[in-house]
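Structural overview
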Amino acid sequence: MLLRKRYRHGPCRLQFLLLFLMLGCVLLMVAMLHPPPHALHQAVTARAAQHGPEAGYRLNFGESQEWVLESDDEGQEYGPLEDLPPFISLREDQLLVAVVSPRVKRNQSQGRRGGSYRFIKQSNRKLDHESLERDWGAEEEDGEVSEEDEMTPLGLEEALSSRIPLQRALPEVRHPLCLQQHPQDNLPTASVILCFHDEAWSTLLRTVHSILDTAPRAFLKEIILVDDLSQQGQLKSALSEYVARLEGVKLLRSNKRLGAIRARMLGATRATGDVLVFMDSHCECHPGWLEPLLSRIAGDRSRVLSPVIDVIDWKTFQYYPSKDMQRGVLDWKLDFHWEPLPESERKTLLSPVSPIRSPVVPGGVVAMDRHYFQNTGAYDPLMSLRGGENLELSLKAWLCGGSVEILPCSRVGHIYQNQDAHSPLDQEATLQNKVRIAEIWLGSFKETFYKHSPEAFSLSKVEKLDCTERLQLQRRLGCRMFHWFLANIYPELYPSERRPRFSGKLHNTGLGFCADCPAEGDILGCAMMLAPCNDSRQQQHLEHTGRKDIHFGSPRHLCFDVRREQVILQNCTEEGPAIHEQHWDFQENGMIVHILSGKCMEAVVQENNKDLYLRQCDGKASQLWRFDNVDTVDE
């Protein structure tokens, strides 16, 4: 009886085994018909063969750290992050709002607020199914990337780039003193943010691997990839699968085009490291590039830093290191340039590897404290696409209490774009961004910018830009005026063009009196004050060439000067290129700015006197002035 029961169960087991074998065959056939993307398979296989299964970064990381950012029809704004004051609300109402999954909420419960995102499992993607099927179908037909796809927005030859290993060693070009430096153990952690739009596959992954291979895991908190609505098929599901195999790499996707500026801000909202490193998606890093940046920020959280940026030729991918000390500067068209470090600045350096004070930071790679970035207004959210954001960031840092430096011991190679690849849309966006910078940060010097850029002046008349929030930010941060930047950071930029000349009595429009020296006889050191205006009084006759000395009386041998913030008369300093204590700028709004300090001349009522002092510029009536006569003179 027992044997009969066993025998009856035998055919069932045999049928189950046959069914299992048939299912295995079907799965094998499916796997053969749908292989993984060629580049992904090749890269992973080569890495495993070279380093073994345990070397490098852990594969089989689990679910892809991929987030899809979805727009909100109601235009909901970002709320301020928990650790920021209420006025810092990154206005990105045109960008995204989505739902956080329960898993993400649990992951985020120990740290920052989750925000408006939806976590997408690798197995049930719902992003753009039609385009994914179309792109995968095209890959299955011929297994190759078309010639049209080989040319990326950078003008890169993808075919050449794909033949270069994703992990290649760069030549050692650092100063020997850099190799003697040893980082501290308690440095802050970094979030590296890479934003891309249709970036070349091999160039993007080479950037990612270069970071992973050169940044110590103890200091690298994460790499955040921000996909700014790429259309290339390989950057969709293939990239998702690749990122799923890299530890510490996250992928954000936007379903509308943001531009590099807003995409960087988007990545910053997801970052959890102490320091933000914004890096273009076509870079290669030297060993030791991250530690100097983190160490310098640990010493002062208001520093905005850049590595030395070496050049990778976009045609040949050959690496060309910078051999001379350089700094970043701007011109009156608000274009960025590199220039050799002046001898006067070289003399201030303690060693060849000392941090270099730079008027402007380049845009390709920039690092700063995450809280400092957010609390000083981040990038201007109303800037378009990209272009000029590094100038705005640099001017804001210098004028609002921070500093900008380039670190010789930190080096990163950068593929500079083919200038012919810039579209008219990019050029128009850059011009619009420059107008915003001029209107917000240049003060009276914006007229100099418009003289050098007539197309920007025309744009400013057609489009009235809303700069209200940025100007309010200036006041909250207590920022200096642009004169201070010219006097203390980049005096070489000081314009030497036709200037207005003012003469006659200097009237205070708020109090109704004129600047005067009450002393008789020897008036050297006389403290200036207000007195009733008198046409016949010689002590009230002044001459001023805009942004230069204010000469007193006749003969012209005394000038307005400053002692302990009080306006006095002193012997006139000989003219020269340097800005000094006797330089003043009479602005079109009626304020007279002491260029070296960035403060305004104000009539201060004390007892029965109305003495002239320097005070923070706020436009009150006692800071408003006018001269009797105005004309123009060639400098």
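**Things to note about the overall build of the protein**
- On a plain count of helices and strands, the protein comes out with 19 helices and 26 strands.
- Taking all 635 residues of the protein together, the buried fraction comes to 51%.
- For the protein, the proportion of contacts with a sequence separation of at least 24, taken over those separated by at least 6, is 74%.
- In the form shown here, the protein has an accessible surface area of approximately 30400 Å², with 52% of it arising from carbon and sulfur atoms.

**Some points on the state of the cysteines**
- Inspection of the entire model under this criterion finds six disulfides.
- Put simply, Cys-400 and Cys-479 are joined by a disulfide, and their sulfur atoms are 1.9 Å apart. Handedness of the Cys-400-Cys-479 disulfide follows from its S-S torsion of about 100 degrees: it is right-handed. Here the residue Cys-400 occupies a position in the loop between α14 (389-399) and β14 (403-415), and Cys-479 occupies one in the loop between α18 (468-477) and α19 (482-488), the gap between them amounting to 79 residues. Each member of the pair, Cys-400 together with Cys-479, is buried.

**Quick look at the nonpolar core**
- Counting 61 residues, the largest nonpolar core has Ile-193, Phe-278, Val-304, Phe-373, Leu-442, Phe-482 and Phe-485 as its most contacted members.
- Those residues in contact with Leu-442 that lie beyond four places of it in its chain are Trp-332, Leu-334, Leu-395, Ile-437, Phe-449 and Phe-482.
- Leu-212, Leu-239, Leu-246 and Leu-251 belong to the second-largest nonpolar core, a separate cluster that totals 41 residues.

**Side note on unusual backbone geometry**
- For Phe-317, which is not a glycine, the phi torsion comes out positive at approximately 65 degrees.
- Here Phe-317 lies in the loop between β8 (303-312) and β9 (319-320).
- The exposure class assigned to Phe-317 is buried, which follows from its relative accessible area of 1%.
- In the Ramachandran plot, Leu-334 falls in the positive-phi region, its phi being about 60 degrees despite a non-glycine side chain.
- Take Leu-334: its relative accessible area is 3%, and that puts it in the buried class.

Scoring rules and cut-offs
Starting afresh in each chain, residues are numbered from 1 along the sequence in its written order. Local features are withheld for residues below a pLDDT of 70 in this predicted model, meaning they are given only at 70 or higher, and side-chain atom pairs are given and counted only at 80 or more; totals for whole chains, interfaces and linings count all residues. The basis for every side-chain value is the complete set of non-hydrogen atoms in the structure, without hydrogens or water. Segments assigned H or I by DSSP are reported as helices when at least four residues long, segments assigned E as strands when at least two residues long, and all are numbered from the N terminus. Exposure categories follow from relative accessible area, calculated using a 1.4 Å probe and restricted to protein chains: below 20% of the type maximum is buried, above 50% is exposed, and the middle band is partly exposed. Should any heavy atoms of two residues lie within 4.5 Å, those residues are considered in contact. Where accessible areas are quoted, they stem from the Shrake-Rupley method and a 1.4 Å probe; at the residue level, only the protein chains shown are allowed to cover. The term disulfide is used for any two cysteine sulfur atoms that are within 2.5 Å. Grouping buried Ala, Val, Leu, Ile, Met, Phe, Trp, Tyr and Cys residues that are joined through side-chain atoms within 4.5 Å yields what is termed a nonpolar core.

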